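Working through the structure, step by step
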2 protein chains.
Amino acid sequence: MGWGDVCIYLLYLLLQMGWGDLGILGQPEKETPNLDKMAAEGMLLLDFYTANPLCSPSRAALLTGRLPIRNGFYTTNDHARNGYTPQEIVGGIPDSEVLVSELLSQAGYRNKIIGKWHLGHRPQYLPLRHGFHEWFGAPNCHFGPYDNKATPNIPVYNGSEMVGRYYEDFAISRASGESNLTQLYVSEALDFIDRQAAAGRPFFLYWAPDATHGPLYASRGFLGTSRRGLYGDVVRELDDGVGRILARLRARGLDTNTLVFFTSDNGAAMVSRTQGGSNGPFLCGKQTTFEGGMREPAIAWWPSRIQPGQISHQLSTVMDLFTTALELAGAVPPSDRVYDGTSLLPTLLNGTEVDRPVFYYRGDELMAVRYGLYKAHFWTWTNGQDERSKGIDFCRGEDIPGVTTMQQVNYTDSPLLFHLGRDPGERYSIKPKSSEYKQAMRKLEEVVASHRAGLLPGEPQFNMCDSAVMNWAPPGCEKLGRCLKGPESKPYKCPWPH
Amino acid sequence: MGWGDVCIYLLYLLLQMGWGDLGILGQPEKETPNLDKMAAEGMLLLDFYTANPLCSPSRAALLTGRLPIRNGFYTTNDHARNGYTPQEIVGGIPDSEVLVSELLSQAGYRNKIIGKWHLGHRPQYLPLRHGFHEWFGAPNCHFGPYDNKATPNIPVYNGSEMVGRYYEDFAISRASGESNLTQLYVSEALDFIDRQAAAGRPFFLYWAPDATHGPLYASRGFLGTSRRGLYGDVVRELDDGVGRILARLRARGLDTNTLVFFTSDNGAAMVSRTQGGSNGPFLCGKQTTFEGGMREPAIAWWPSRIQPGQISHQLSTVMDLFTTALELAGAVPPSDRVYDGTSLLPTLLNGTEVDRPVFYYRGDELMAVRYGLYKAHFWTWTNGQDERSKGIDFCRGEDIPGVTTMQQVNYTDSPLLFHLGRDPGERYSIKPKSSEYKQAMRKLEEVVASHRAGLLPGEPQFNMCDSAVMNWAPPGCEKLGRCLKGPESKPYKCPWPH
């Protein structure tokens, strides 16, 4: 089976961190010695992108190898709005989408997800229905605590059934920020690795803890250890977890046969930026299609195959992780649809770099495109004035006239063009009359035309909400006597403010 | 002689770069493999500061171990104005100041400066009058070309005499950015190391190339090699030079007896930021007292003495390089004055970290102070509206209400307080009513009171300008037949716009 004549293990570490939160990417507190070491032992990808500036659509893209506009993880309720999967969401990952977990399962892999799923919380959308054999974690973010009246607390699953709820059974102190969840997620990962090593089975482990997502939490041993506050404590704990997981791979002799890939599902959010979270030199953060929203730290680690200390500028995305995994497993995806990923193996193993575009969507709108070092914005938007009056500003402290606009501004007729080499912060747009502009835009328009010609949008999953679909009675609740009664179904169009 | 029973060589690399221009500090193009390696083999100092947000005063502070307000490298012409040493400047480093080079010379060291001096260009101020035995470089920045009528071109010196002028004898192409000056500076350094190694003499080499200072230049082999334009080409060439210099120390067997210290004299300037120059997560740049203006990349390298791979958060400044050098040479400075540096040896050799303040001056005004992780701004100012209308904005793209102010704003009664751990970008000021604010400010006020009590300002050197003092007839011009006739003396108060 698989690639060459050995079977290759796959471990994807998806930690929500900004580009600048890694020591090796400039964070002045240098709190990620394990990730930094992982980069030194492997390849650091410096032009790596997520598929969307927020979590649900990015995760769906990672697992389907397709842009959210194709796999349905977007909304048409309003123009260019970010949607995701809160408890009220009716939709989720459609059965018609084929996940990397399903294809790997067919190829004989044992698959586990640890942490936040975020591809829909209703029974038909859960991970064990989509190719994963094991799951420890939750379907949604750990918002709360709720009173279980207007809103139920989010369930935590082990496998196909809930084993409790956040705040009730899995404590998160909103006062101190203490929770041992990340430690649970680490020990689940170590246990899974041990079991697969003992069984000699190929595996795919998708480690997706969510402690850097608000409300932030860390376990007692890490609380108060960072000079930048709770966010730094969380980063230190996640980094420590990465170190322990890689050490376990080594201890079990699996390291030379395992591709480990670390990245993030979106840039540091405004709320984490107030605690030292950083998108490095990049503009704005989560929720925006500026570089700070979608350019991600990325490290590929595979001792013996990936030469240590490499740096790559290959333009690449989370969707490439789908195609890369399939190539390593010798699995072939259905040929009836378009994929946005390509295999990263030529880059990882031979340092190859080829020209490719990256598309930046916000909801149903193609906001921007990058090709080579040029990025053109067709639309700009930070977030609306009404949100800003509540203190929400996804570009706080950054004000670039005509770029960080509070209204949705349509630049389609004369896109805002930046050179991300000499201007990684998207501050100095290139004059439309220059020959550089004309030459770059010709190529970018060509790339967009080709993208649009092949685009068949999926059925939008984020249009309808309904309080009746919340996590009132998740599978397994009856065994625990923990089922709640929800309200009558009353579907409504989800309001997406940004 | 000296420290312990061996003599210690000293090599200070002063390259004008922003904090975020190093690969290891997050620059996405990763163009500094030699500096990154130097950090991996030595100690990276993450809370290291220059003494002033621009070049002349910073360099004077490095060599005197004293703040510009003490050594005279400031102006009182207007309030809180940055001054430096252009050709018109009448002042320079006073004879009453004792430079590290003088003290090292008395201790038997052979001293050389390569590159930009910037402590005054009139004969009495030149390096060979202040303890250096050798010099190859120029007294001022390489602005030009001039027509030698209203303004003479800047002379290049070898020793105590000029050997030519920029643009005339030492070519810098303003069109292509080509110049081989950095290559000359590298070969001068290698030659000096070879000679001292052969003579078995202790030495102090102060390598201060200025290619990252506008107008930027690089040699042919580096032009066009960076993806971020000319600024990146320059960074690559300087980094390559550092690699060659360290390799030469190794080849001559001097590395284990040489303390090499790399830092910068100010943050990346606005003009370089348009070409990808970066101050990482820090606010604004050169000319300002925000972190982007004064927090500098810093690496200490001393194989066998400094353990590899260390990181230090010791608050420290360029003035510490004065005291550190003297301790290593066993030299003692005059006891009749205050020094602002302390020896870094406990930090470098034992990882010690102690609490110390950092003072941020702009001209004659103490704009801000840091102690621990707290920084209080007593005054804020980016630059004036009149300058901004000419396109000059030292905080371009950054707009933090009440912080990046276009007017000089006096916050003395209620200083703006930031926590640089959770808010390295100085975006979220701490509420004056909070107990955190009161506690932090108590300490900061105490530190400032103590600083003020011991402060005896020096005679300001940047108050008077005069076209007659320009580089019309530098020492040595007569031998070359290159003396120019200047105008009659007509002193005037120097206008300092920012």
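Rules used in this analysis
Residues numbered from 1 in each chain as written. Chains lettered and ligands numbered in written order. Predicted model: local features only at pLDDT ≥ 70, side-chain atom pairs only at ≥ 80, totals over all residues. Heavy atoms only, no water. UniProt positions renumbered as here; feature names shortened; annotations may be inferred. Helix = DSSP H or I, 4+ residues; strand = E, 2+ residues; numbered from the N terminus. Expected span 1.5 Å × (residues − 1). Pairing = 2+ DSSP bridges. Axes fitted to C-alpha atoms, helices over the stretch in contact; angles between N-to-C directions. Parallel < 35°, antiparallel > 145°, perpendicular 65-115°, else oblique. Contact = heavy atoms within 4.5 Å. Domains from an automatic or database assignment. Buried area = accessible area lost by both parts, 1.4 Å probe. Salt bridge = Lys/Arg side-chain N within 4 Å of Asp/Glu carboxyl O. Polar contact = N/O pair within 3.5 Å; in protein donor to acceptor, adjacent residues only side chain to side chain.

Chain A is annotated in an unreviewed UniProt entry as N-acetylgalactosamine-6-sulfatase of Branchiostoma floridae. Comment text from UniProt for chain A, heading Sequence similarities (unreviewed entry), reads "Belongs to the sulfatase family." Looking at chain A in UniProt, the text filed under Catalytic activity (unreviewed entry) is "Hydrolysis of the 6-sulfate groups of the N-acetyl-D-galactosamine 6-sulfate units of chondroitin sulfate and of the D-galactose 6-sulfate units of keratan sulfate."

This brings us to helix α6 (residues 230-251) of chain B. Taking 1.5 Å per residue as the helical rise, α6 of chain B with its 22 residues ought to reach 32 Å, and the 31 Å between its terminal C-alpha atoms agrees with that figure. Just downstream of α6 of chain B, Gly253 of chain B is the residue with a positive phi angle, here 70°.

Turning to unusual backbone geometry, a few remarks are in order. A cis amide bond links Gly214 of chain A with the next residue in sequence, Pro215 of chain A, at an omega value of -10°. Counting through the fold element by element, Pro215 of chain A comes out in the loop between β8 (203-208) and α6 (230-251). Following Gly144 of chain B, the chain continues into Pro145 of chain B via a peptide bond in cis, with omega recorded as -5°. For Pro145 of chain B, the location among the structural elements is in the loop between β5 (134-138) and β6 (155-158). Even without a glycine there, the phi angle at Glu426 of chain A is positive, about 50°.

All names here are of chain A. The strand order across the open sheet formed by three strands is β10-β3-β13, and the pairing between neighbours is mixed. The open sheet has two edge strands, β10 (295-296) and β13 (316-317), and neither has a second partner. One ladder, built from two bridges, connects strand β3 (residues 48-49) with β10; its direction is antiparallel. Bridge pairing links Phe48 to Glu296 in β10.

Let us look at the packing of helix α1 (residues 33-41) of chain B against α6 of chain B. Residues and elements named next belong to chain B. Running from N to C, α1 and α6 cross one another at 50°; their axes reach a closest spacing of 7 Å. When the axes of α1 and α6 are compared, the pair comes out oblique. Across from Pro33, Asn34, Leu35, Lys37, Met38 and Glu41 in α1, the residues of α6 making contact are Asp239, Asp240, Val242, Gly243, Leu246 and Arg250.

Residues and elements named next belong to chain A. Along its sequence, chain A is carved into domain 1 (3-356) and domain 2 (361-453). Spacing between the C-alpha centres of domain 1 and domain 2 amounts to 27 Å. With 32 residues of domain 1 at the contact, the number on the domain 2 side is 31 residues. Taken together, both faces of the contact between domain 1 and domain 2 bury some 2800 Å²; the carbon and sulfur share is 57%. The salt bridge involving Asp47 is made with Arg370; its shortest N-O contact spans 2.7 Å. Counting the contacts that link domain 1 with domain 2 gives 13 residue pairs in polar contact (both at pLDDT 80 or more). Within the residue set of the side of domain 1 that touches domain 2, elements represented by two or more residues are α3 (68-71) and α7 (270-273).

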